[in-house]
Structures are given as C-alpha cells and as structure tokens.
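# Observations on the three-dimensional arrangement
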Amino acid sequence: MAKAAAAAGIATGQCLCGKIRFEIDIPARWAWHDHSAASRRAHGAAYATYVGSWKKRFRITAGKTALASYEDKITKTTRSFCSHCGTPITYERPRGPHMVNIPRALFSERTGRQPLYHIAIEELQEWTYTGEPLVPLKGFPGVVWQRSKKKKRAGGEDPFELGREEM
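From a predicted model like this one, the values you see are computed outputs, not experimental measurements.

Here the structure, examined in full by the defined rule, presents three salt bridges. Of the charged contacts in the structure, one is a salt bridge between Asp-25 and Arg-59, with a shortest N-O distance of 2.7 Å. With Asp-25 in strand E2 (residues 21–26) and Arg-59 in strand E5 (residues 58–62), this residue pair connects regions lying 34 residues apart in the sequence. On the accessibility criterion, Arg-59 (26% relative accessible area) is partly exposed. Each of Glu-23, Asp-25 and Arg-59 takes part in a single network of salt bridges with overlapping partners.

Below is the structure:
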C-alpha cells in the first residue's frame, strides 16, 4: 500500500451556527459533485459538492457533542449534521471505510482539489443550472437570470410588432 503524502497545510470549516468546527490536512484526496437523490435531499439543493479526506486527516476541533448522525439502513451510508443548525457535516460510505466526505461549501480555504467528477449524473434534474449564459435582471442588483430563448414564428413575423405598427 502506498504511503500517504505529507500534508501541505490545513483547510478549516464549520457549520452554519459555528458550533461544529473541523479541519483536514490538505491536499484533500478528491472532490466531486453528487447528483444522487439522497444527496439532493440531505442538502436541499440541486446537487452536493463533496471533498473526500482520509479519516485520519480529518479532525473535529470544536462541537463534537453537537454532532448528530443518520444511518441509511438500505445504503448503509451515514450522514452527520449539526444538531443545532442542521448543517450537513460528513457523509460516509461502506465502500470507503477509511474515508470521510465533507461538503465543499463548509470550508473557508482551498482544499487542494477541484471537483472534477460527477456522480449519479443520470439523476441530474432538468431544473439544475448547467452553465447557461446569465444576464443581470434590470432593477434587481445582484440578481441574474437565464433569458428565455425566443421562438421563431412560422411566418417569421412577430405578432407584437404588427400591433405596434397599427397604434
């Protein structure tokens, strides 16, 4: 078995309320986007982005007593979360007994890995943002939207243009 590389630094993270704080040695082992229904529901989002770390390189530095967990009996996965604010903290799978997966959004610093992989892409929802061009929404600073695609009419004419000419 190959020796683990020496840590190049530490990345820290925390839950929403700050009760639970943790750190990993970087670089992380890997990072990915998980489109599975279980991760969507656990995070209440279109998909979850995780950073994977060896368990021995992951440490809870504050709030260990606030950590609660849920074990899915069917998949045998375990998800931990803050019992105070509900923030997902870790996701563990039986296929990786020495690994722990942490939501990328909880980290304050870079983790040494970019999420290059997509898991359960076949479960990607049709409403998920996939990089379409966005434009500012007039009158709402900081809000952007995906402009609707204009459909061409059979005759090539715009019925609204006719109405304007008649006015």
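Turning our eyes to something else, we now look at the pairing of strand E9 (residues 99–103). For E9, a buried count of five out of five residues is recorded, marking the element as mostly surrounded by other parts of the structure. Of the two faces of E9, the one holding Met-99, Asn-101 and Pro-103 and the one holding Val-100 and Ile-102 are both buried throughout. Here strand E4 (residues 48–54) runs beside E9; their pairing, made up of five bridges, is antiparallel. For Trp-54, the partnering residue across the bridge sits in E9 and is Met-99.

This brings us to the sheet that holds E5. Read across the sheet, three strands follow the order E1-E2-E5 without closing on themselves; strand pairing throughout is antiparallel. Edge positions in the sheet fall to strand E1 (9–14) and E5, since each of these pairs with one other strand and no more. Across this sheet, the average inter-strand angle for adjacent strands is 30°, counted without regard to direction. Sheet analysis places E2 next to E5, joined by four bridges and oriented antiparallel. Each residue of the ladder has a partner; that of Ile-24, found in E5, is Phe-58.

Definitions and cut-offs
Residues numbered from 1 in each chain as written. Predicted model: local features only at pLDDT ≥ 70, side-chain atom pairs only at ≥ 80, totals over all residues. Heavy atoms only, no water. Salt bridge = Lys/Arg side-chain N within 4 Å of Asp/Glu carboxyl O. Helix = DSSP H or I, 4+ residues; strand = E, 2+ residues; numbered from the N terminus. Buried < 20%, exposed > 50% of the residue type's maximum accessible area, 1.4 Å probe, protein only. Pairing = 2+ DSSP bridges. Axes fitted to C-alpha atoms, helices over the stretch in contact; angles between N-to-C directions.

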